[in-house]
Amino acid sequence: MSDIGDWFRSVPLITRYWFAASIAVPFIGKLGLIDFRNLMLFPELVFSRFQLWRPVTATLYFPITPNTGFLYLVNLYFLYHYSTRLETGAFDGRPADYVFMLLFNWICIVITGLLMDMRLLMIPMIMSVLYVWAQFNKEMIVSFWFGTRFKAHYLPWVILVFNFIIGGSFVNELTGNLVGHLYFFLMFKYPMDLGGRSFLSTPVFLYRFFPNTRGGVSGFGVPPTRRPVPQEPAAAGGGGGRHNWGQGFRLGGE
């Protein structure tokens, strides 16, 4: 048990709490401690009866049955694997920025869920984080089942098909990918690569709760640097072109 405890404490803070809650809430519903229907998203109950906890619990709850157990475990692994790599890589030492990314993605997913009458939001939330990781590490070659190898840029779409085959919903995965794309485009691609205005920035109050730190494990992709202000032409031509969005370890690597 001490080995499990040591492993759990080694998980980055934000990922640790998200991972633990994504285990605890489904098992609370599985054991019947709380009626599982009270953990799902019902728009009419949110608006008419002000059951405001539902957007939160619907993000953490997933029904565990013989038919859905494998899909749940696979996505729980994706949560741990890619959230850890983002928190210790592109967002290393910047927990407030990582929390803001999660909040932005969650709000977009909740709005989509309310509009589209979605009951469960766990998979869209996990997929949005996986999509952001893939964008930071888009040129990295990853390995998937049966020895298949491809660039990380394609990973969210491969997993979309994979989840659909093993019993997921095409809409859930697609929603997560689109929300992850929206965050990455507004936060990095548009202002830094296309020279547009910045639409997103981490609120100052989050830095008070989650101050920047130093240290941690790095190497799982870094955020792109901001496009420099144009300078006078130099004698020796400078290098323009596309940004390198970062690089990372092999999927599942040490």
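Data block above holds the structure.
Quick caveat, the model's predicted, so the values are computed rather than measured.

### Focus on the overall build of the chain
And step 1. Assigned secondary structure in the chain consists of 10 helices and two strands.
And step 2. Each helix and strand of the chain, placed in order from N terminus to C terminus, yields the pattern α-α-α-α-α-α-α-β-β-α-α-α.
And step 3. Out of the 254 residues belonging to the chain, those deemed buried represent 48%.
And step 4. A separation of at least 24 residues holds for 70% of the contacts in the chain among residues at least 6 apart in sequence.
And step 5. Of the roughly 13,700 Å² that the chain leaves accessible, carbon and sulfur atoms contribute 65%.

### Here's the deal with the pattern of salt bridges
Pairs may arise between side chains of opposite charge once their charged atoms sit close together.
And step 1. All chains considered together, the criterion is met by five salt bridges.
And step 2. Salt-bridge contacts for Arg9 lead to Asp6; the nearest nitrogen and oxygen are separated by 2.7 Å. With a gap of three residues between them, Arg9 and Asp6 both fall in helix α1 (residues 2–10), about one helical turn apart.
And step 3. A relative accessible area of 53% places Arg9 in the exposed class.
And step 4. Owing to a relative accessible area of 43%, Asp6 belongs among the partly exposed residues under this scheme.

### Re the packing of helix α2 (residues 13–30) against helix α6 (residues 95–116)
And step 1. Relative to each other, α2 and α6 sit at 35°, their axes nearing to 10 Å. The segment α2 lies against α6, with Ile14, Thr15 and Trp18 engaging Pro95, Tyr98, Val99 and Leu102.
And step 2. Along the lines of polarity and charge, the residues of the contact of α2 with α6 split into six nonpolar, one polar and no charged.

### Here we look at the packing of helix α5 (residues 69–87) against helix α8 (residues 155–165)
And step 1. Between α5 and α8, the least distance of the axes is 12 Å, while the angle of their chain directions is 165°. The angle between the axes of α5 and α8 places the two elements in the roughly antiparallel class. The way α5 lies across α8 gives a crossing that is left-handed. Seen from α5, the contacting residues are Leu71, Val74, Asn75, Phe78 and Tyr82; seen from α8, they are Leu155, Ile159, Phe162 and Asn163.

### Quick notes on the side chain of Ser22
And step 1. Along the chain, the position of Ser22 falls in helix α2.
And step 2. Setting aside residues up to four positions removed in sequence, Ser22 forms contacts with Leu60, Tyr72, Leu76, Leu79 and Met122.

Conventions adopted
- Residues numbered from 1 in each chain as written.
- Predicted model: local features only at pLDDT ≥ 70, side-chain atom pairs only at ≥ 80, totals over all residues.
- Heavy atoms only, no water.
- Helix = DSSP H or I, 4+ residues; strand = E, 2+ residues; numbered from the N terminus.
- Buried < 20%, exposed > 50% of the residue type's maximum accessible area, 1.4 Å probe, protein only.
- Contact = heavy atoms within 4.5 Å.
- Areas by Shrake-Rupley, 256 points an atom, 1.4 Å probe, with all protein chains shown as cover.
- Salt bridge = Lys/Arg side-chain N within 4 Å of Asp/Glu carboxyl O.
- Axes fitted to C-alpha atoms, helices over the stretch in contact; angles between N-to-C directions.
- Nonpolar A, V, L, I, M, F, W, Y, C, P; charged D, E, K, R; others polar.
- Parallel < 35°, antiparallel > 145°, perpendicular 65-115°, else oblique.
- Left-handed = near helix turned anticlockwise from the far one by under 90°.

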